[in-house]
Amino acid sequence: MAAAAAPLRAGVFLLFFLLLPLRAAEPSVEPATSAPGPAASPETRGGARPRSGPAPVTDVAKLCVCDLLVAQCDVNCCCDPDCSAADFSLFTTCSVPVVTGDSRLCSQKAAVYSLDVEANPPEMIFKLIDQVNPSIFCIHATNYKQALSFSSPEMPTSENFDRLLEQFGSAAFSAEPDSWNVNTDTPNASDANETYSYQYGVPIQTVDSFLRLPSPVVSSWCSDANPAGFLVNQATRCTRAVSVEKCGDIQALSMLFYINSSILAVPKSSQMVNITVRSVAVQSLNRTRTLLNDSDALRLPVILDELCLNTVLGVSYHITYTDAGEIIEAAASFVLGAINKAALSIQQSFEISFTQVDTKPVPRSGNPGYVVGLPVRAGFRLQGSGIIENANNYSPLTILQSTSEQDCLAAQGARTPVLFGYNMISGCKLRITEAMKCQPLTQTLLDLLKGQSFPEYVASFGNSRAQDVLDWVPITHLHVSEQSSCQIPVSLEIEVKWTKYGSLVNPQARIVNVTATITTTTVKQLPSGRERTIPVTSSIVFTDISSPAEPGYKAWPTINAKLPFDFFFPFV
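What this report covers is the structure whose coordinates are included nearby. (Residues numbered from 1 in each chain as written. Predicted model: local features only at pLDDT ≥ 70, side-chain atom pairs only at ≥ 80, totals over all residues. Heavy atoms only, no water.)

Side note on the overall build of the protein chain
When helices and strands are tallied, the protein chain shows six helices and 24 strands. Across the 572 residues that make up the protein chain, the buried fraction comes to 34%. Considering only residue pairs separated by 6 or more positions, the protein chain has 65% of its internal contacts joining residues 24 or more positions apart. Carbon and sulfur atoms make up 55% of the accessible area of the protein chain, which totals about 36000 Å². (Helix = DSSP H or I, 4+ residues; strand = E, 2+ residues; numbered from the N terminus. Buried < 20%, exposed > 50% of the residue type's maximum accessible area, 1.4 Å probe, protein only. Contact = heavy atoms within 4.5 Å. Areas by Shrake-Rupley, 256 points an atom, 1.4 Å probe, with all protein chains shown as cover.)

Describing helix H3 (residues 161-168)
Taken residue by residue, H3 has Phe161, Leu164 and Phe168 as its buried positions. All buried residues of H3 lie within an arc of 65 degrees about the axis, which places them on one face of the element. Summarising the geometry of H3, the exposed residues directed more than 90 degrees from the buried face are Asp162 and Glu166. (Arc of directions from axis to C-beta.)

Looking at the packing of aromatic side chains
Aromatic rings considered in pairs are described by the distance between their centres and by the relative angle of their planes. Summed over all chains, the structure comprises 12 aromatic pairs. Geometrically, the ring pair formed by Phe257 and Tyr258 is edge-to-face, given 5.0 Å between the ring centres and 90 degrees between the ring planes. The exposure class of Phe257 is buried, given its relative accessible area of 11%. Assessed through its relative accessible area of 4%, Tyr258 is described here as buried. Ring centres of Phe461 and Tyr501 lie 5.5 Å apart, and the angle between their planes is 70 degrees; this geometry places the pair in the edge-to-face category. With Phe461 in the loop between strand E20 (457-459) and strand E21 (472-480) and Tyr501 in strand E22 (residues 487-501), this residue pair connects regions lying 40 residues apart in the sequence. One aromatic cluster is present, formed by Tyr198, Phe230, Tyr321 and Phe354 through successive ring pairs. (Phe/Tyr/Trp six-rings, centres within 6.5 Å; stacked < 30°, edge-to-face > 60°.)

Thoughts on the sheet that holds E21
Here we have eight strands laid out as an open sheet, ordered E16-E15-E20-E21-E23-E22-E24-E19, and mixed in their pairing. The strands lining the two open edges of the sheet, one partner per strand, are strand E16 (387-389) and strand E19 (424-433). Taken pair by pair, the neighbouring strands of this sheet meet at an average axis angle of 30 degrees, ignoring direction. Of the strand pairs in this sheet, E22 and strand E23 (residues 508-522) are connected by 14 bridges, and their pairing is antiparallel. Residue pairing for E23: Ser491 is matched across the bridge by Thr519. This element, helix H6 (residues 438-450), spans E19, E21, E22, E23 and strand E24 (531-544) of the sheet and lies at about 25 degrees to E22. (Pairing = 2+ DSSP bridges. Axes fitted to C-alpha atoms, helices over the stretch in contact; angles between N-to-C directions.)

Observations concerning unusual backbone geometry
Put simply, Asn367 and Pro368 share a cis peptide bond, and its omega is -5 degrees. Looking at the element boundaries, Pro368 is found in the loop between strand E14 (345-356) and strand E15 (378-381). The phi angle at Ala71 is positive, at roughly 60 degrees, despite the residue not being glycine. The phi torsion at Glu306 lies on the positive side, around 60 degrees, for a residue other than glycine. For Glu306, the position within the fold is in the loop between strand E11 (302-304) and strand E12 (307-321). The class of Glu306 is exposed, set by a relative accessible area of 52%.

Here's the deal with the environment of Thr398
Inspection of the secondary structure assignment puts Thr398 in strand E17 (residues 398-400). For the pair formed by Thr398 and Val376, sequence separation is 22 residues and the distance between their alpha carbons is 9.1 Å.

Description of the pattern of salt bridges
The full count for this structure, using the stated rule, is five salt bridges. Here Asp130 makes a salt bridge to Lys109, at a shortest N to O gap of 2.9 Å. Of the two residues, Asp130 is situated in strand E3 (residues 123-132) and Lys109 in strand E2 (residues 107-116); the sequence distance between them amounts to 21 residues. The exposure class of Lys109 is partly exposed, given its relative accessible area of 29%. With its nearest N and O atoms 3.2 Å apart, the salt bridge here joins Lys268 to Asp130. Of the two residues, Lys268 is situated in the loop between strand E7 (263-264) and strand E8 (272-273) and Asp130 in strand E3; the sequence distance between them amounts to 138 residues. Connected via shared salt-bridge partners are Lys109, Asp130 and Lys268. (Salt bridge = Lys/Arg side-chain N within 4 Å of Asp/Glu carboxyl O.)

A closer look at the sheet that holds E3
Taken in spatial order, the three strands make up an open sheet running E1-E2-E3, and their pairing is antiparallel. One side of each edge strand has no neighbouring strand; the edge strands of this open sheet are strand E1 (98-100) and E3. With strand direction ignored, the average angle separating the axes of adjacent strands in the sheet is 20 degrees.

Here it is as structure tokens:
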């Protein structure tokens with residue numbers, strides 16, 4: 001009997017030894033929820049208190065992936081400790097501008113390197129920032145310390161078999177080391193003195209996670225895991241599956257789903273900004289909209305006569321921020337509608353825009369193409385920057401405004417904006433006397449025709465952004481003059497060439513070329529006591545250069561059939 005028990009114990013021992021690495025490689029995972037509202041505090045199995053993750057293993061401030069040469073400075077390697085100030089003066093750029101640890105982590109430290117070329121000699125700039133990964137599949141905490149390195153499993157022996165069986169023998173076991181800090185409410189000393197602010201593109205943080213802006217991901221169906229980036233204007237449209245019987249249980253159809261989570265004024269802060277309701281519009285089944293007066297009232301979905309009323313069809317966020325990167329106000333505008341029992345899905349639209357405090361938003365003239373009757377957007381460009389555009393209601397692209405007096409010298413400063421699609425002409429009369437000099441008269445007429453600040457660029461689309469310089473068309477200047485001692489400008493002709501862009505079903509107007517032509521005339525010295533009247537004109541012409549749409553057909557398929565060489569045997 002003893003001899004039979006020994007092989008049995010050895011078999012169990014060997015089986016446990018084979019299962020040990022597999023069982024140890026399965027870290028415990030807690031299910032995540034995407035429901036809105038305050039995030040629940042995590043609870044470990046067995047009622048244990050929540051624990052924070054360990055300190056990062058990789059110190060990105062000391063990591064330099066481009067340092068390949070020993071005791072020598074690597075070219076364009078800004079993090080190389082062997083490089084001196086003289087070496088930095090020869091650098092053109094940083095080959096590795098950002099150094100991070102594991103890109104799959106939700107939040108981690110990142111070392112940012114750049115060159116200050118304006119300094120003499122050029123210097124290397126180092127910053128240590130917090131990088132946030134907006135992916136829904138990121139790793140929140142590396143809570144399995146043994147997975148950070150390749151450690152050999154402990155070999156089972158007759159002495160430690162019972163201990164290993166008690167530790168790893170159950171269906172699930174805890175892999176949390178005892179050295180973790182149990183108190184999660186104590187802030188880090190480094191974070192206490194650090195000032196945070198939102199940067200461009202950083203996801204806007206809320207109390208529970210991020211400000212969600214639903215959008216289509218793989219298909220046209222809405223995904224609520226899309227975070228809204230700071231200063232990133234977005235407009236999305238997606239499809240949502242609905243059911244009238246369950247419309248009250250679908251959270252994405254309720255106004256509460258989009259305003260119940262407060263926004264953090266700055267990342268990692270306790271200061272919160274509530275989302276207020278700016279306006280509520282109700283859309284009927286025939287798509288007519290009515291703006292409600294009591295926009296503060298919260299309207300939840302209700303079922304009435306086989307209809308689901310007060311369902312959210314559109315949400316528009318408007319964020320107000322300061323120049324320091326702090327959010328001070330958040331508002332939402334809703335479009336509510338009704339769905340009938342036969343509807344299986346609805347279209348939802350979402351939008352977010354940003355406005356800096358104490359500034360007015362730059363008006364748009366279409367989305368994306370120009371709309372007839374709206375001002376043509378224009379601006380200037382400084383070296384190394386984007387387009388500088390007027391923030392008032394009038395475009396800097398203007399022409400001379402006609403007055404009842406028809407006196408050019410009295411009409412100085414009177415301008416009218418150029419409206420897309422409207423051909424206009426205006427003018428005045430200039431009386432020339434013998435006392436007028438050629439050079440001052442020429443400059444006065446140029447200021448009269450072009451205005452105080454004639455723009456350099458025109459937006460190709462009605463919603464072209466100032467930072468996208470390639471979406472702006474430069475204005476071409478032409479001069480038509482004669483050979484004479486005194487030439488004065490008498491005409492400014494602006495020609496705007498545009499084309500239809502996009503689908504034939506809904507074409508968008510796009511400006512492709514702008515030409516400003518100055519025409520001059522010869523002025524001779526007048527005799528004493530004589531006067532001369534010269535007409536001065538300014539005009540704008542829009543020319544459609546779209547090619548006519550022609551139907552296209554595919555070529556007829558050709559039959560490429562090969563017969564066997566003896567197909568006609570024995571006749572051939």
